[in-house]
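Take a look at the letters that make up each chain.
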There are 2 protein chains.
Amino acid sequence: MAGIRDVARLAGVSQATASRALSGKGSVSARAREAVTAAASELGFVMSYHASSLASGRSHNIGVVLPFVNRWYFATLLEGANSALMDAGYDLTLYDFQGDRYRESVLGDFLLRKRLDGVLAVSLQLNAHETEQILAAGIPVVGVGGPLPGIPTLRIDDVEVGRRATNHLISLGHSRVAHLGGEHEYGRNFEISSGRRAGYEDAMAEAGLPLRAAWSLISGYSANEAYRETKHLLADAAERPTAIFCASDEMAIGAMLAARDLGLRIPEELSVIGVDGHEMGEILGLTTIDQFPRNQGTRAVERLLTLVQGDGDAVEPADELMETRLVVRSSTSAPRIPAGQPGS
Amino acid sequence: MAGIRDVARLAGVSQATASRALSGKGSVSARAREAVTAAASELGFVMSYHASSLASGRSHNIGVVLPFVNRWYFATLLEGANSALMDAGYDLTLYDFQGDRYRESVLGDFLLRKRLDGVLAVSLQLNAHETEQILAAGIPVVGVGGPLPGIPTLRIDDVEVGRRATNHLISLGHSRVAHLGGEHEYGRNFEISSGRRAGYEDAMAEAGLPLRAAWSLISGYSANEAYRETKHLLADAAERPTAIFCASDEMAIGAMLAARDLGLRIPEELSVIGVDGHEMGEILGLTTIDQFPRNQGTRAVERLLTLVQGDGDAVEPADELMETRLVVRSSTSAPRIPAGQPGS
DNA sequence: CCAGAAAATGGAACGGCTTCCATCCAGTAT
DNA sequence: ATACTGGATGGAAGCCGTTCCATTTTCTGG
């Protein structure tokens, strides 16, 4: 296996010049550069990643930490991040907490091995100790979703999202509006779930509408869990809401299926709105607040890379608010409760 | 930042002994080991990943190559692989082709940087040149899905899967059975799609049933694409099949939604069966051939790690057939075509 | 044509750990 | 007690680029 030494020898230059020519840093004459390039390709030279990293301290490797690869939002954000990283020539090391199963080992061991140039932390909330630990490693970190104190973050205004979704329903004429929120475990998703819930409650209060405890549910973010909760919610016809705001599209999908299985027509008997912009929303006719997760992934990487490559004196705004968009489809409409059903 | 030198000095042993004590390789007395461990934790020593890799040639890092992170099957397989790798103390570097967008750069650049101990190639078909290239890098590779010549592979019997799914429908009394197959692009998924299609055709032929060109469709693996194809397929009532075998659960979901949107009841007017074991199948009542993708991921990692860690003389069987299971739910039943519809 | 600045280049010192090899020592068999 | 064996240990040579620094070459302007 040819090393840079061999390349230098064949090109008739020093190892130092060969290194400069190949990395593009430092000044090298055109003639030398060509000689080196030619020698390298002739020998089929591939630079040793480890040697290069050891010597330069840079690994061209970004860690992405997220709670689930298996949820659409995260997978899509990951895809965006992956794109941006590939384009920049970086590798992506994936750390999937799988709930909280690997939280400790990731935070405690993996992230500290000094093998990453930067970390993207998605929907992750750190306690003081963890924040300190990760910052002590001296690695640039960018967060997505939920403020991480001391760390630049990309997020959407979850309160506003909740308010907007709820207001959409209210403006259609609904007064019996339920909310199916995501569970907010300590250290994960907390701000997101509670923000959207707060938006819901705000909007209801502003419209002078009652908040019923029975209409305020919590479930996991998956369609299956939401399905179960929704079936429960809709079981009692007398207490049935006419609209439901779900904290994610996957939950909304579960809710729609539950409603259909109970024989309720959407949107006539139940309006459903979600959040995310799930690709299946299109064929389901799901009204949603799109948050463009793919775009969040690429944007987060952009910011992270400026930190990684930056001179350190680039003063970035600590927080960046990402765009969302209400996409109205056929899962929401004015309430049209069939005869025989109780009115509001 | 403390180095192993400092640890050794504090523990009163040589650097060599400290290294052995920390890595567990070579023989070290209990006393020395304890001294080193204590010194290490006192200094908050974290080993330099790059230095270690450079010296040992081992990176404790596995690359996972797949065509989409964003499809349920792949995300779930990835989750399984991630689990197994975390448990073994390995990092996971993700290479998402995103269709074919990054195929070349992954295969040409990223994989060759000698920074991986092994590669897991999922649903990937390599041409001779690519195979040669990747094997020349001297990295152990394990494939999942579709045979890769010269590379140990994990797969399911796709022909058998197609046959079993189709026979399930036939045994329920269907004779008008359509197949919605995945697109098989060169280099990706080829064997999978064509295997399942072959199984379908076999089963139909064995049962003496006609194969109509109009009932043999191709679509992308996503629900959205399948939705469109299925709507097309079902548009003409006279030519309508009574059952449809979809090459993936996501496609089956699209098909179910298309049928519902056309006012067709499932399973009365259309039976649907998929492949994968998608978690949403439960709430959709989707009959499927479960292939336990999470398990495939962990098993693939197991095999890969034995190759990576192995003495090289472990003769593994080149191919391993993974288990599948028919899960019957409510999306399939005997055909019960309502009055007014044309019979078979 | 020359001083001075900028560009190009080579030597060599790292970066931080692993591992080969030689040495030493305690335990065991004779 | 002696020879032998295998465990424990330290010295030092890598692993393979990057980059600092000093030196040489080339270019610019006066």
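Analysis parameters
Residue positions within a chain follow its written sequence, with the count starting from 1. The order in which chains are written sets their letters, starting at A; the order in which ligands are written sets their numbers, starting at 1. Reporting in this predicted model follows two pLDDT cut-offs: at least 70 for local features of residues, and 80 or more for side-chain atom pairs to be given and counted; totals over whole chains, interfaces and linings ignore these cut-offs and use all residues. With hydrogens and water stripped out, all remaining heavy atoms of the structure feed into the side-chain values. C-alpha atoms of residues with pLDDT of at least 70 in both copies form the basis for the least-squares superposition of the copies. The contact criterion used throughout is that any non-hydrogen atoms of two residues lie within 4.5 Å. Summary of the burial criterion: residues with accessible area below 20% of their type's maximum are buried, those above 50% are exposed, and those between are partly exposed, where the area comes from a 1.4 Å probe applied to protein chains only. Per the convention used, a helix needs a DSSP run of H or I reaching at least four residues, while a strand needs a run of E reaching at least two, with both numbered from the N terminus. Crossover handedness is defined by viewing with both strands directed away from the observer: a clockwise path from the first strand over the helix to the second marks the crossover as right-handed. For this purpose, a residue is taken to be near a molecule or strand whenever a single non-hydrogen atom of the residue falls within 4 Å of it. Any pair of N or O atoms that falls within 3.5 Å is considered a polar contact. Within protein, one atom must be able to donate a hydrogen and the other to accept it, and sequence-neighbouring residues count only if both atoms are side-chain atoms. Three classes are used: nonpolar for Ala, Val, Leu, Ile, Met, Phe, Trp, Tyr, Cys and Pro, charged for Asp, Glu, Lys and Arg, and polar for all others, with Gly counted as polar. Where each domain begins and ends follows an automated or database-derived domain assignment. By definition, the arc is the one covered by directions from the helix axis to the C-beta atoms. Note: two strands are recorded as paired if DSSP finds a minimum of 2 bridges between them. Think of each axis as a best-fit line through the C-alpha atoms, taken over the contacting stretch in the case of a helix, with angles from 0 to 180 degrees between the N-to-C directions. Nonpolar cores were defined as sets of buried Ala, Val, Leu, Ile, Met, Phe, Trp, Tyr and Cys residues, with membership established by side-chain atoms within 4.5 Å. Defined in terms of a 1.4 Å probe, buried area is the accessible area two parts forfeit on being brought together, summed over both. Each reported salt bridge corresponds to a side-chain nitrogen of Lys or Arg within 4 Å of a carboxyl oxygen of Asp or Glu.

1. Concerning the relation of the copies chain B and chain A
At an RMSD of 0.1 Å, chain B and chain A line up after a rotation of 180° and a shift of 0.0 Å along the axis. Put plainly, the chains are arranged around a two-fold axis. Across chain B, the rotation axis passes nearest the C-alpha of Thr93(B), at a separation of 2.1 Å. Here 100% of the interface residues in chain B have copies in chain A that are interface residues too; the copies meet face to matching face.

2. Some points on the pairing of strand S2 (residues 91-96) of chain A
Side-chain positions along a regular strand alternate between the two faces of the sheet. With 6 of its 6 residues buried, S2(A) lies for the most part within the structure. In this fold, the crossover linking strand S1 (residues 61-66) of chain A to S2(A) by way of helix H5 (residues 72-88) of chain A has right-handed handedness.

3. Observations regarding the protein's contact with DNA strand D
If you check the shell around DNA strand D, you find 24 residues, and the closest are Ser19(A), Ser14(B), Thr17(B), Arg20(B) and Ser27(B). Counting only the atoms of DNA strand D that lie within 4 Å of the protein, the sugar and phosphate share comes to 63%. Ser14(B) places a polar main-chain atom, nitrogen or oxygen, 2.8 Å from a phosphate oxygen of DNA strand D. Broken down by secondary-structure element, the contributors of at least two residues to the surface near DNA strand D are helix H2 (15-23) and helix H4 (49-56) of chain A together with helix H2 (15-23) and helix H4 (49-56) of chain B. Counted by class, the surface near DNA strand D contains 12 nonpolar, 10 polar and 2 charged residues.

4. Here's the deal with the domain arrangement of chain A
Domain assignment breaks chain A into domain 1 (4-47), domain 2 (61-156 + 293-316) and domain 3 (158-292). Between the C-alpha centres of domain 1 of chain A and domain 3 of chain A the distance comes to 61 Å.

5. Details of H2(B)
Residue and element names in this part refer to chain B. Restricting attention to buried positions, one finds in H2 the residues Thr-17, Ala-18 and Ala-21. For H2, the arc enclosing every buried residue in end-on projection is 100°, short of the 170-degree limit, so these residues lie on one face. Buried residues in H2 make contact with helix H1 (4-11) and helix H3 (30-43). Of the residues one or two after H2, Gly-24 is the one with positive phi, at around 80°.

6. Describing the protein's contact with DNA strand C
Taken together, 25 residues are adjacent to DNA strand C, and Ser14(A), Arg20(A), Ser27(A), Ile4(B) and Ser19(B) come closest. Counting only the atoms of DNA strand C that lie within 4 Å of the protein, the sugar and phosphate share comes to 62%. Residue Arg20(B) places a side-chain N or O atom 3.3 Å away from a base nitrogen belonging to DNA strand C. If you list the elements that add at least two residues to the surface near DNA strand C, you get H2 and H4 of chain A together with H2 and H4 of chain B.

7. Brief notes about the sheet that holds strand S12 (residues 325-327) of chain A
Where strands meet in a sheet, backbone hydrogen bonds hold them as pairs that are either parallel or antiparallel. Residue and element names in this part refer to chain A. Strand order in the open sheet made by the 6 strands is S7-S6-S8-S9-S10-S12, with mixed pairing throughout. Where the open sheet ends on each side, the last strands, each with one partner, are strand S7 (216-219) and S12. Adjacent strand axes in the sheet meet at a mean angle of 20°, parallel and antiparallel pairs treated alike. In this sheet, S7 lies alongside strand S6 (residues 177-182) in parallel orientation, the contact comprising 4 bridges. Residue pairing for S7: Leu-180 is matched across the bridge by Leu-217. Sitting on the sheet, helix H11 (residues 249-261) is in contact with S6, S7, strand S8 (243-246), strand S9 (271-276) and strand S10 (287-290), with an inclination near 155° to S9.

8. Thoughts on the nonpolar core
Core analysis: the largest hydrophobic core is formed by 140 residues, its most contacted members being Leu78(A), Val272(A), Met280(A), Leu78(B), Val272(B) and Met280(B). With residues up to four places along the chain from it excluded, the contact list for Val272(A) reads Ile244(A), Cys246(A), Ala252(A), Met256(A), Ile266(A), Leu286(A), Thr287(A), Ser331(A) and Thr332(A).

9. Some remarks on the sheet that holds strand S10 (residues 287-290) of chain B
All names here are of chain B. Across the sheet, which stays open at both edges, the 6 strands sit in the order S7-S6-S8-S9-S10-S12 with mixed pairing between neighbours. The sheet is open, and its two edges are formed by strand S7 (216-219) and strand S12 (325-327), each paired on a single side. Direction aside, neighbouring strands of the sheet carry axes that sit 20° apart on average.

10. Considering the interface of chain B and chain A
With 55 residues of chain B at the contact, the number on the chain A side is 56 residues. For the pair chain B and chain A, the summed buried surface comes to about 5,100 Å²; carbon and sulfur atoms form 54% of the total. Looking only at chain B, the three residues that lose the most surface to chain A are His50(B), Met86(B) and Ile283(B), adding up to 14% of its buried area. One salt bridge in this structure joins Arg228(A) and Glu282(B), with 3.1 Å as the shortest N-O distance. Taken together, chain B and chain A are joined by 30 residue pairs in polar contact (both at pLDDT 80 or more). Going through the elements one at a time, H4, helix H5 (72-88), strand S2 (91-96), helix H6 (103-108), helix H10 (223-235), helix H11 (249-261) and helix H12 (281-284) of chain B are the ones with two or more residues in the side of chain B that touches chain A.

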